[in-house]
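This is what each chain is made of:
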Amino acid sequence: MAGMVGFVGFVRPGMVPFFPFSLDAPLSSMFEFLFRLLQRSAARASATAAPAPCFHCGLPLPAKVCDRVEFDGVARSVCCAACAAVAQAVIAAGYGDYYTERLRLAEDTNA
């Protein structure tokens, strides 16, 4: 293990410290390793993230979202033209509080 770098202070008993390059390796290879590690971590996080729900019906959005509804100054994604039409009708009729309350309840549940 001569020439290998370990995680000083972070190794529990029974663990073997591991860093995939030696002290003699160029600094660029160390940065490349860390960059790849971050890329893999970000890819895993985005792959496990739940798809965003439709603003109106709550179903998962399709891969290509083309319909949006303006609500409280924010463009909200909807899954289809029917949900866009219904959401626009609800807001235009003055019942936008339905969405406000539903969003508040969803935030309270996730907190």
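Residues numbered from 1 in each chain as written. Predicted model: local features only at pLDDT ≥ 70, side-chain atom pairs only at ≥ 80, totals over all residues. Heavy atoms only, no water.

**Quick look at the environment of Val-65**
What counts is decided by this rule: Here a helix means four or more residues in a row that DSSP labels H or I, a strand means two or more in a row labelled E, and each is numbered from the N terminus. Partly exposed residues are those whose accessible area sits between 20% and 50% of the maximum for their type, while under 20% is buried and over 50% is exposed, using a 1.4 Å probe and protein chains only. Contacts are residue-level and defined by heavy atoms, with any inter-residue pair within 4.5 Å sufficient.
One can find Val-65 in the loop between α1 (27-48) and β1 (67-71). With relative accessibility at 24%, the residue Val-65 sits in the partly exposed group. Between the C-alpha atoms of Val-65 and Cys-80, which are 15 residues apart in sequence, the distance is 8.3 Å. If sequence neighbours within four positions are ignored, Val-65 has contacts with Ser-77 and Val-78.

**A few points about the nonpolar core**
To keep things clear, this is the line we draw: In these notes, a set of buried Ala, Val, Leu, Ile, Met, Phe, Trp, Tyr and Cys residues joined through side-chain atoms within 4.5 Å is what counts as a nonpolar core.
Cys-54, Phe-55, Leu-61, Val-69, Phe-71, Val-78, Cys-83, Ala-84, Ala-87 and Tyr-99 form the largest nonpolar core, which has ten residues in total. Every element with two or more residues in this core is listed here: β1 and α2 (81-92). It is α2 that contributes the most residues to this core, three residues altogether. Each residue touching Val-69, except ones within four places of it in the same chain, is listed here: Val-74, Ala-75, Arg-76, Val-78, Ala-84, Ala-87, Gln-88 and Ile-91.

Purely spatial values, then, with no claim about function.
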